[in-house]
Amino acid sequence: QSLPITNLLEIAAGTGVATRALASGLPDTASILATDVNEVMLARARSKGTARTVEWRQADAMRLPFDDAAFDAIVCQFGLMFMPDKSRALSEWRRVLRPGGVLVFNVWDRIEDNEFADVITTALASMFPDNPPRFMAGVPHGYHDRTVIESDIATAGFVAPRIETITMRSIARSYRDAAIAYCCGTPISSEIAARGGSLDDATKLAATAIRARFGVVDVDGKIQAHVVTVVR
């Protein structure tokens, strides 16, 4: 039985997408402390604002500057995949979570079950056949094996996690919007630059692939993720 939520820690808040949902959905009696290692992202989150007061703080998710058992809930949306030592990060989160407190995090499933990312990664491989960009497959979609996730959770000291695989749809207004989002709005752009490629050419190639698979407007692709809930 988890405790009522009175103080929540968000880890890897980024630009505050989940934070804004938490601020709107949680009662005013629950305080929210949103953290990220990247101060630029936090500045963007602050500028967007939230429905009610949120405390923003720069913090390393693997070395949290908080006392033991300081929070009764922790949330992390699509952040754990980017951490070099997942079990160490989870152990640190467990340290600052009170007994009876709840941890909720999610991670993307394999890239083949996330259609836009898969189609674009495949298209770009034809542009760089000797050294295809693999960031999307290796990092955001690289931590999808439920056995590995369960092992890391156990190593961190948690028991009896609940893992749900959720399938939804991602919709973009046009095929170009989807291509721009992935090629220009993710580290794919750095991969293209590192290979001496043209970002414009790569984005056009990705757009062509999205159009061929999904059409011109209101393009609609499957996305899939694991949602993990575990009580301390």
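This write-up is about the structure you can find in this document. (Residues numbered from 1 in each chain as written. Predicted model: local features only at pLDDT ≥ 70, side-chain atom pairs only at ≥ 80, totals over all residues. Heavy atoms only, no water.)

### Notes on the overall build of the chain
Next, step 1: Secondary structure summary: the chain contains 9 helices and 7 strands in total.
Next, step 2: Here the C-alpha atoms of the chain give a radius of gyration of 19 Å, agreeing with the 17 Å that 2.2 N^0.38 yields for 232 residues.
Next, step 3: Based on the C-alpha atoms only, the size of the chain along its principal axes is roughly 50 × 40 × 30 Å.
Next, step 4: Counting every position in the chain, which comprises 232 residues, the buried fraction comes to 46%.
Next, step 5: When contacts within the chain are restricted to residue pairs at least 6 apart in sequence, long-range pairs at least 24 apart make up 76% of them.
Next, step 6: For the chain, the computed accessible surface area is about 11300 Å², with 52% contributed by carbon and sulfur atoms.
Next, step 7: When the 25 positive and 27 negative side-chain charges of the chain are each reduced to one mean point, those points stand 2 Å apart. (Helix = DSSP H or I, 4+ residues; strand = E, 2+ residues; numbered from the N terminus. Rg over C-alpha atoms; globule rule 2.2 N^0.38 Å. Buried < 20%, exposed > 50% of the residue type's maximum accessible area, 1.4 Å probe, protein only. Contact = heavy atoms within 4.5 Å. Areas by Shrake-Rupley, 256 points an atom, 1.4 Å probe, with all protein chains shown as cover. Lys, Arg positive; Asp, Glu negative; His and termini not counted. Charge placed at Lys NZ, Arg CZ, Asp CG, Glu CD.)

### Remarks on the environment of Ala172
Next, step 1: With respect to the element layout, Ala172 can be found in strand 6 (residues 162-174).
Next, step 2: Along the backbone, Ala172 and Asp220 are 48 residues apart, and their C-alpha atoms lie at a distance of 6.7 Å.
Next, step 3: Residues within four places of Ala172 in sequence aside, it is in contact with Asp177, Ala178, Asp218 and Val219.

### Quick look at the nonpolar core
As a rule of thumb, nonpolar side chains are buried together in soluble globular proteins.
Next, step 1: Membership of the largest hydrophobic core comes to 29 residues, with the highest contact counts inside it found for Leu9, Ile11, Leu80, Trp93, Leu103 and Phe105.
Next, step 2: Those elements that place two or more of their residues in this core are strand 1 (7-11), strand 4 (71-77), helix 3 (86-95), strand 5 (97-108), helix 6 (146-155) and strand 7 (217-231).
Next, step 3: Element by element, the count of residues in this core is highest for strand 5, at 4 residues.
Next, step 4: Residue contacts for Leu9: discarding those within four places in its chain leaves Leu33, Thr35, Leu64, Phe66, Phe71, Ala73, Ile74, Val75 and Val96.
Next, step 5: Counting residues in hydrophobic clusters, the runner-up holds 26 residues, among them Met136, Tyr182, Cys183 and Ile192. (Core = buried A, V, L, I, M, F, W, Y, C linked by side-chain atoms within 4.5 Å.)

### Some remarks on the pattern of salt bridges
Next, step 1: Overall, the coordinates contain 14 salt bridges when judged by the stated rule.
Next, step 2: For Glu115, the salt bridge is made with Arg213, and the minimal N-O distance between the two is 3.4 Å. On the criterion of sequence distance, the pair formed by Glu115 in helix 4 (residues 115-127) and Arg213 in helix 9 (residues 199-214) is long-range, its members being 98 residues apart.
Next, step 3: The residue Arg169 makes a salt bridge to Asp220 at a minimum N-O spacing of 2.7 Å. Here the residue Arg169 occupies a position in strand 6, and Asp220 occupies one in strand 7, the gap between them amounting to 51 residues.
Next, step 4: Taking the relative accessible area as the measure of exposure, Asp220 reaches 30% and is therefore partly exposed. (Salt bridge = Lys/Arg side-chain N within 4 Å of Asp/Glu carboxyl O.)

### Remarks on the side chain of Thr229
Next, step 1: When you line up the elements, Thr229 lands in strand 7.
Next, step 2: In contact with Thr229, not counting residues within four places along its chain, are Val102, Leu103, Val104, Pro161 and Arg162.

### Remarks on the sheet that holds strand 5
Next, step 1: Here we have 7 strands laid out as an open sheet, ordered 3-2-1-4-5-7-6, and mixed in their pairing. In this open sheet, the two strands that pair with only one neighbour each are strand 3 (55-58) and strand 6. Between one strand axis and the next, the sheet turns by 20° as a mean value, whatever way the strands run.
Next, step 2: Inspection of the sheet shows strand 4 paired to strand 5 by 6 bridges, in the parallel sense. Residue pairing for strand 5: Cys76 is matched across the bridge by Phe105.
Next, step 3: Across the sheet, helix 7 (residues 175-185) touches strand 6 and strand 7, and the angle it forms with strand 6 is around 125°. (Pairing = 2+ DSSP bridges. Axes fitted to C-alpha atoms, helices over the stretch in contact; angles between N-to-C directions.)

### Focus: the layout of surface pockets
Next, step 1: Empty space within the largest pocket amounts to approximately 1300 Å³.
Next, step 2: Put simply, the parts of the chain that give the lining of the largest pocket at least two residues each are strand 1, helix 1 (17-25), helix 4, helix 5 (135-138), strand 6 and helix 7.
Next, step 3: In terms of residues, the lining of the largest pocket owes the most to one element, helix 7, which gives 4 residues.
Next, step 4: Along the lines of polarity and charge, the residues of the lining of the largest pocket split into 28 nonpolar, 11 polar and 3 charged. (1 Å grid on protein atoms, 1.4 Å probe; cavity = no way out; pocket = protein on both sides within 12 Å on 5 of 7 lines; lining within 4 Å. Points joined across faces, edges and corners; volume = space filled by probe spheres on them. Nonpolar A, V, L, I, M, F, W, Y, C, P; charged D, E, K, R; others polar.)

### Topic: the packing of aromatic side chains
Next, step 1: By the definition in use, this model includes 4 aromatic pairs.
Next, step 2: Aromatic side chains Trp93 and Phe105 sit 6.4 Å apart centroid to centroid with 75° between the ring planes, which places their arrangement in the edge-to-face category. Within this pair, whereas Trp93 is found in helix 3, its partner Phe105 is found in strand 5, the two being separated by 12 residues in sequence. Comparing Trp93 with Phe105, the two get one shared label, buried.
Next, step 3: Sitting over the face of the ring of Tyr143, Lys86 holds its NZ or CZ atom 5.3 Å from the ring centroid.
Next, step 4: When the ring centre of Phe158 is taken as origin, the NZ or CZ atom of Arg94, which lies over that ring, is 6.0 Å away. (Phe/Tyr/Trp six-rings, centres within 6.5 Å; stacked < 30°, edge-to-face > 60°. Lys NZ or Arg CZ within 6 Å of the ring centre and 35° of its normal.)

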